[in-house]
Amino acid sequence: MTSGKLSQSAALRFVLVLGFANLFADLTYEGARSSTGQFLGSLGASAATVGFTAGFGELLGYVLRSGSGLIADKTGKYWVLTIAGYVINLLAVPALALAGNWPLAAGLIMTERTGRAIRKPSTSAMLSFAGKQLGQGWVFGLNEALDQTGATVGPLILAFTLSRHGTYQSGFGLLLIPALLSITIVVLARHFFPRPHDLEPAAKVGATRFSPAFWLYLAANACIGAGLADFALIGFHFQQAATVATGLIPVYYAVAMASGALGGLIFGRLFDRFGLIVLLGVFFLSAFFAPAVFLGKSAIALFGMFLWGLGMGAQGSLINAVIAGVVPANKRSTAFGVFDTGFGIAWFAGSWLMGILYARSIPMLIGFSVTAQLLSLPLFLLAKKREPH
């Protein structure tokens, strides 16, 4: 598999191998993420600190993608950046077991996000090469489903650890196992698929600049990012308001991840058949997660997490499929990096603002979250009209 156009079956194998690497990767860092808000709170961090750490961590993890994506496209070293990113991304998680104060824990959270920033544009670009043969919606939906499967199991491991009167540190330590499994699979994938760009040979170089549609899609995605509260703040709320038992908080996160996994499979296929209308429907529904999460208890809060998971899953799969369709193959890693940078800046601003609003007025927090996400819908429609033909 070193030259020539690879077959459709080879494309599917490639997607599955990377998907299982991402399954164990998400098991690792999403398992930790389900408890980082509570963990920071137990170390003495305030709500504003939790919101800032979550938001700035995402900002760092997204802004750096512009650079890593550009480097990948310029050098063609997709695998070098991918492997380095997985190592940094995943080994920072079990290191949280050694954190004895919130500044150190916050630093490790940001290190984990940095590693993901290094590898994410390259990984997304390589997956998009397979989408030429399999369908972009299906490729990113399948990958998201495997991602979210791992993200479902990880929080359950944390929940089990806490239910057995364990500590956050012992739970983080257990996550070293899936971290090493993921890194191993990525190294093997590099061996068996050294030239993933052969899945989609560049027929033409394409435009040197991104189209107006790309920038409108970026603006719409930024609105989603601003309104989707980070789970660190949601978990902090569940703990502080005592609306969900501490040991069940990771389970609620697992439900959200499971909804994202199921949604990725279903909506990815539907996207390839019906297009943007599928994305609009999903984001309309997920925009209303905040009232259920921040005002509801028990079952209502759980339903809110289901909606939140749908939104997160769509942002990680359907939007990537959209971008892959409007950017030529030789610029996709750069495009994914720039696109994610816009999302990260919005996520940082939104998470920080919602952390501040949480301490002042939960209804204002909810109003901001819902409004920001609904603003994305007309922008998506306008972007569709401006797509190059």
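Residues numbered from 1 in each chain as written. Predicted model: local features only at pLDDT ≥ 70, side-chain atom pairs only at ≥ 80, totals over all residues. Heavy atoms only, no water.

Student: Lay out the overall build of the protein chain in plain terms, naming residues and giving numbers.
Tutor: Helix and strand content of the protein chain: 16 helices and zero strands. Against the 2.2 N^0.38 benchmark of 21 Å for 389 residues, the protein chain shows a C-alpha radius of gyration of 19 Å, consistent with a compact globule. A principal-axis box enclosing the C-alpha atoms of the protein chain has dimensions of 55 × 45 × 30 Å. A separation of at least 24 residues holds for 87% of the contacts in the protein chain among residues at least 6 apart in sequence. If you sum the accessible surface of the protein chain, you get close to 14600 Å²; carbon and sulfur atoms cover 70% of it. Charged side chains of the protein chain number 25 positive and 13 negative; the gap between the two group centres comes to 4 Å. (Helix = DSSP H or I, 4+ residues; strand = E, 2+ residues; numbered from the N terminus. Rg over C-alpha atoms; globule rule 2.2 N^0.38 Å. Contact = heavy atoms within 4.5 Å. Areas by Shrake-Rupley, 256 points an atom, 1.4 Å probe, with all protein chains shown as cover. Lys, Arg positive; Asp, Glu negative; His and termini not counted. Charge placed at Lys NZ, Arg CZ, Asp CG, Glu CD.)

Student: How would you sum up the pattern of salt bridges? Please name residues and give values.
Tutor: Scanning the model with the defined rule gives five salt bridges in all. Notably, a salt bridge pairs E112 with R113, separated by 2.7 Å at the nearest N-O pair. A single burial state applies to E112 and to R113, both of which are buried. Each of the salt bridges in this network shares a partner with another, and the network as a whole consists of E30, R33 and D230. (Salt bridge = Lys/Arg side-chain N within 4 Å of Asp/Glu carboxyl O. Buried < 20%, exposed > 50% of the residue type's maximum accessible area, 1.4 Å probe, protein only.)

Student: So what's going on with unusual backbone geometry? Residues and values would help.
Tutor: The phi dihedral of A242 falls on the positive side, at around 55°, and the residue is not glycine. A242 sits in the exposed class, given a relative accessible area of 63%. The backbone of S298 sits at a positive phi, close to 45°, despite the residue not being glycine. Classification of S298 as partly exposed rests on a relative accessible area of 44%.

Student: Tell me about the packing of aromatic side chains, and name the residues and values.
Tutor: Per the counting criterion, the structure on display carries 24 aromatic pairs. Here F238 and Y252 contribute two aromatic rings whose centre-to-centre distance is 5.8 Å and whose plane-to-plane angle is 70°, an arrangement assigned as edge-to-face. Here the residue F238 occupies a position in helix 9 (residues 231-241), and Y252 occupies one in helix 10 (residues 249-274), the gap between them amounting to 14 residues. Plain terms: the ring middles of F303 and F306 are 6.5 Å apart, the flat faces sit at 15° to each other, and that makes the pair stacked. Placement of the pair is F303 and F306 together in helix 13 (residues 298-326), with a separation of three residues, close to one helical turn. Taken together through their ring pairs, the aromatic side chains of F210, F214, W215 and F339 make up a single cluster. (Phe/Tyr/Trp six-rings, centres within 6.5 Å; stacked < 30°, edge-to-face > 60°.)

Student: Before we move on, can you summarise the environment of F339 with the specific residues and values?
Tutor: Within the secondary structure, F339 sits in helix 14 (residues 332-360). Taking the C-alpha atoms as reference points, F339 and S351, 12 residues apart in sequence, are found 18 Å from one another. The contacts of F339, once residues within four sequence positions are left out, are F214, Y217, L218, N221, I319 and I323.

Student: Help me get a handle on the side chain of T341, residues and values and all.
Tutor: Inspection of the secondary structure puts T341 in helix 14. Among the residues examined, T341 registers a relative accessible area of 11% and is labelled buried. Among the polar contacts listed, one links the side chain of T341 to the backbone oxygen of G337, at a separation of 2.9 Å. If we skip the residues at most four places from it in the chain, T341 touches Y62, V63, R65 and S66. (Polar contact = N/O pair within 3.5 Å; in protein donor to acceptor, adjacent residues only side chain to side chain.)

Student: Give me helix 8 (residues 212-227): which residues, what numbers.
Tutor: Taking 1.5 Å of rise per residue, the 16 residues of helix 8 would be expected to cover 22 Å, and the 23 Å separating its terminal C-alpha atoms lies within 8% of that figure. Burial analysis of helix 8 places 13 of its 16 residues in the buried class, the great majority of the element. (Expected span 1.5 Å × (residues − 1).)

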